[in-house]
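As a plain string of letters, each chain reads:
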Amino acid sequence: MPRETKADKARRALRIVAALESAYPESTCALDHASPFQLLVATALSAQTTDIAVNKATRTLFKRWPTPVALAAAPLREVERTIDSIGLWRAKAKNIRALSGLLVEEFAGEVPRTIEELTTLPGVGRKTATAVLGTAFGIRAGVTVDTHMVRINAFLGLSKGTNPETIAAALEQLLPPESWTAYTHRVIDHGRLVCVARRPRCGVCPLATLCPSARSAKVGYKEENDAKEPASAKGLSWRARSL
C-alpha cells in the first residue's frame, strides 16, 4: 500500500469529518447543564467517571447550588455527600468549591473565555478548558482529546502520539476549526456505539472505507462484534442527557 501523502491525509480527514456528521447528526455534549458555569463544573467532575454518573450527581448539585456564588458558599461536607457516587469525589468537591470561589473573586462570577484563564482554576486542564469554550461559547480554542479520541484517531491514522496535547495539535492541523467541537462529540459517540475499545464493530462502521485499521485483528475485530449493540451505547450523548 503506497505511503499516504500529507495532502491525501488532509483530504481523508475531511471525508472522515463528513462521514461522522452524516452518521451522528444528533451528537452533542452529553453532560447536562443550564449555563457555562454548570458545564464547567460537570466537565471537571467527569474525569474518570461516566457522563451518566455525572448527570445523576449534578441533578441534585445544580438544584441546590446552581451558581458560583451558591456553590462557593456551600458546606464542603454537603457538597461531598451530593457527589459521593462518582469517582474521586473528595478531591472534586474541593475543586468545584474552590473554582466557584475564584470565579466570584477574580472573574465577577463569570466563566472566563480563554484557555489561559480557565486553566488557573482548580481541577481545570486543557481538556476541560477547550470543551467548555467550544460547547458553551462556540470558541474555537482547540480540539478536546479524551480516551476515545486517543484510541480512534490512532486507528484512523490521523495521529500517532498518546499525549493528548500532541494529538490535539496534529488534529488541529488537519481539521477545519469550525469542526473541532462537533468532531470530538461525534468521535466519542462513535467510540461508544461502534469503535468500542477491544471490540470494534468494523462490519457496521461508517468509517470503515476510510480507516486503515478496519477489520484488523490487531485492534480486536471479530465478526461477532458487529451483531450486538454494546453496553457502552447507553452513554451516547443524546441518550445520556435523557437518563
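**Q** How should I be thinking about the overall build of the chain in this particular structure?
**A** From N to C terminus, the chain includes twelve helices and zero strands. Reading the helices (α) and strands (β) of the chain from amino to carboxyl end gives α-α-α-α-α-α-α-α-α-α-α-α. Radius of gyration (C-alpha) of the chain: 19 Å, near the 18 Å computed for a compact globule of 243 residues. If you line up the chain on its principal axes, its C-alpha atoms span 60 × 35 × 25 Å. The buried share of the chain, reckoned over its 243 residues, is 48%. Considering only intrachain contacts with a sequence separation of at least 6, the fraction spanning at least 24 residues in the chain is 62%. With the model as given, the accessible surface of the chain reaches about 12,300 Å², and the carbon-plus-sulfur share is 52%. If you average the places of the 34 positive and of the 23 negative side-chain charges in the chain, the two averages end up 5 Å apart.

**Q** For this particular structure, what's the right way to read helix 6 (residues 89–107)?
**A** Think of an α-helix as turning once every 3.6 residues; residues three or four places apart then point the same way. Taking 1.5 Å per residue, 19 residues should reach 27 Å; helix 6 reaches 25 Å between its end C-alpha atoms and fits that length. Buried within helix 6 we find Lys92, Ala93, Ile96, Leu99, Ser100, Gly101 and Leu103. Looking at the buried positions of helix 6, the neighbouring elements they touch are helix 2 (36–45), helix 3 (51–64), helix 4 (68–72) and helix 5 (76–83). Two residues or fewer after helix 6 comes alanine 108, characterised by a positive phi angle close to 55 degrees.

**Q** What should I look at first to understand the packing of helix 1 (residues 6–23) against helix 11 (residues 180–193) in this one?
**A** Between two packed helices, both the angle of their axes relative to each other and the distance between the axes serve to describe the pair. Relative orientation of the contacting elements helix 1 and helix 11 amounts to 65 degrees, with a least axis distance of 10 Å. Between helix 1 and helix 11, the crossing angle belongs to the class labelled roughly perpendicular. Helix 11 is crossed by helix 1, and the crossing has left-handed handedness. From helix 1, Ile16, Val17, Leu20 and Glu21 reach across to helix 11, where they touch Tyr183, Arg186, Val187 and His190. Here the residues of the contact of helix 1 with helix 11 are counted per class, giving five nonpolar, one polar and two charged.

Thresholds applied
Residues numbered from 1 in each chain as written. Predicted model: local features only at pLDDT ≥ 70, side-chain atom pairs only at ≥ 80, totals over all residues. Heavy atoms only, no water. Helix = DSSP H or I, 4+ residues; strand = E, 2+ residues; numbered from the N terminus. Rg over C-alpha atoms; globule rule 2.2 N^0.38 Å. Buried < 20%, exposed > 50% of the residue type's maximum accessible area, 1.4 Å probe, protein only. Contact = heavy atoms within 4.5 Å. Areas by Shrake-Rupley, 256 points an atom, 1.4 Å probe, with all protein chains shown as cover. Lys, Arg positive; Asp, Glu negative; His and termini not counted. Charge placed at Lys NZ, Arg CZ, Asp CG, Glu CD. Expected span 1.5 Å × (residues − 1). Axes fitted to C-alpha atoms, helices over the stretch in contact; angles between N-to-C directions. Parallel < 35°, antiparallel > 145°, perpendicular 65-115°, else oblique. Left-handed = near helix turned anticlockwise from the far one by under 90°. Nonpolar A, V, L, I, M, F, W, Y, C, P; charged D, E, K, R; others polar.

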